[in-house]
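# Close look at the chain arrangement
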Amino acid sequence: MTSKIVDTWLTNSKEENSMFDDHYPLWQVMIDRMAEKSLEGKTVLDFGCNQGGFLRVLYQQKPFQKGIGVDVARQAIEIANRNKGNLPIDYEARNDLEPFKAAIQVAFSHEVLYLVQDLKRHTQEMFTCLQSQGVYYAALGCHSDNPLWATWKKMIEAESNLEVQNYSLNFIADTFREAGFSVFAQKFMLNDFMLMKENNTYFPNVIDSLNYYWDYKILWKFVKP
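None of these values were measured; they are calculated from a predicted model. (Residues numbered from 1 in each chain as written. Predicted model: local features only at pLDDT ≥ 70, side-chain atom pairs only at ≥ 80, totals over all residues. Heavy atoms only, no water.)

## Comments concerning the packing of aromatic side chains
So the rule is basically this: Any pair of Phe, Tyr and Trp rings, taking the six-membered ring for Trp, is counted once the centres come within 6.5 Å. Such a pair is stacked with planes under 30 degrees apart, edge-to-face with planes over 60 apart, and tilted for the rest. Secondary structure elements follow DSSP: runs of H or I of four or more residues count as helices, runs of E of two or more count as strands, with numbering from the N terminus. Relative accessibility decides the category of a residue: with a 1.4 Å probe and only protein chains considered, values under 20% of the type maximum give buried, values over 50% give exposed, and everything between is partly exposed.
In this structure the tally under the stated criterion is 19 aromatic pairs. Between F108 and Y137, the ring centres sit 5.8 Å apart and the planes meet at 20°, which makes this aromatic pair stacked. Residue F108 is located in strand 4 (residues 104-110), and its partner Y137 is located in strand 5 (residues 130-140); the two are separated by 29 residues in the primary sequence. For Y137, a relative accessible area of 4% corresponds to the buried category. Geometrically, the ring pair formed by W152 and Y202 is edge-to-face, given 5.5 Å between the ring centres and 70° between the ring planes. Here W152 is found in helix 6 (residues 149-157), whereas its partner Y202 is found in the loop between strand 6 (182-187) and helix 8 (206-216), with 50 residues between them in sequence. A connected cluster of aromatic rings, assembled from ring pairs, spans F127, Y136, F176, F181, W220 and F222.

## So, the nonpolar core
Side chains of nonpolar character tend, in soluble globular proteins, to be buried together. Here is the rule we go by: Only buried residues count toward a nonpolar core. Its members are Ala, Val, Leu, Ile, Met, Phe, Trp, Tyr and Cys residues joined through side-chain atoms within 4.5 Å. Residues count as neighbours in contact if any of their non-hydrogen atoms are within 4.5 Å of one another.
Ranked by size, the top nonpolar core spans 75 residues in total, and within it L58, M126 and Y136 carry the most contacts. Broken down by element, the residue count for this core peaks at 7 residues, all from strand 5. Apart from residues no more than four positions distant in its own chain, M126 is found in contact with L45, F47, L97, A107, Y136 and F181.

## With respect to the pattern of salt bridges
Short version of the rule: In what follows, salt bridge is the name for a side-chain nitrogen of Lys or Arg lying within 4 Å of a carboxyl oxygen of Asp or Glu.
Evaluation of the coordinates by the stated rule reveals 9 salt bridges. A salt bridge links K197 to D22; the shortest N-O distance between them is 3.1 Å. With K197 in the loop between strand 6 and helix 8 and D22 in helix 2 (residues 19-33), this residue pair connects regions lying 175 residues apart in the sequence. Between E111 and K217 there is a salt bridge, with its nearest N and O atoms 2.6 Å apart. Taken together, the residues span a long stretch of sequence, with E111 in the loop between strand 4 and helix 5 (119-129) and K217 in the loop between helix 8 and strand 7 (218-223) at a distance of 106 residues. Take K217: its relative accessible area is 1%, and that puts it in the buried class. Connected via shared salt-bridge partners are E92, R94 and D96.

Next up, the structure:
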């Protein structure tokens, strides 16, 4: 089963609205690390695009021919389409990738894999929609090898309209390999000053925040042969 279509993935939609500012420096790391120097003439996919911010930022720096953003949250997709202006991006509320067979050269997701109910199906669908030598970049810190995850999982479950999964890094790597991908990974290593927010429930101690971005948040690169 894939994730269901919902109005918002968080019960608190205000938190969804604040994600652009929180995620922008993390999106920048993904853009800086990708091997593709140009996306000219390419079709790109953002899986779990929320309100569409990543593709708008990506287009500013590496213009692409066509962008596709998919998410299970209807309200987020409505906001994404309102904000896209004249950019060549289509945002859709859907929980599958069926229409995009062999249409994508580069795909992305940021902190989405732990919300995918059936990871095996996701890997198979992503393999099918990517062209030969296509690449899927997926950033993830919400996994069972992160020592903060046990606490985070309970916090996210309390405010999520989607089922939260408990995947390990080994399980993710094995599942993508079984689908036919070559699997690569590196530590995310946010090489910048980080704002230390007061009363941060996710990072109660300064060292938690520093260790997370250097040791536990992962940037995957899945390559279709």
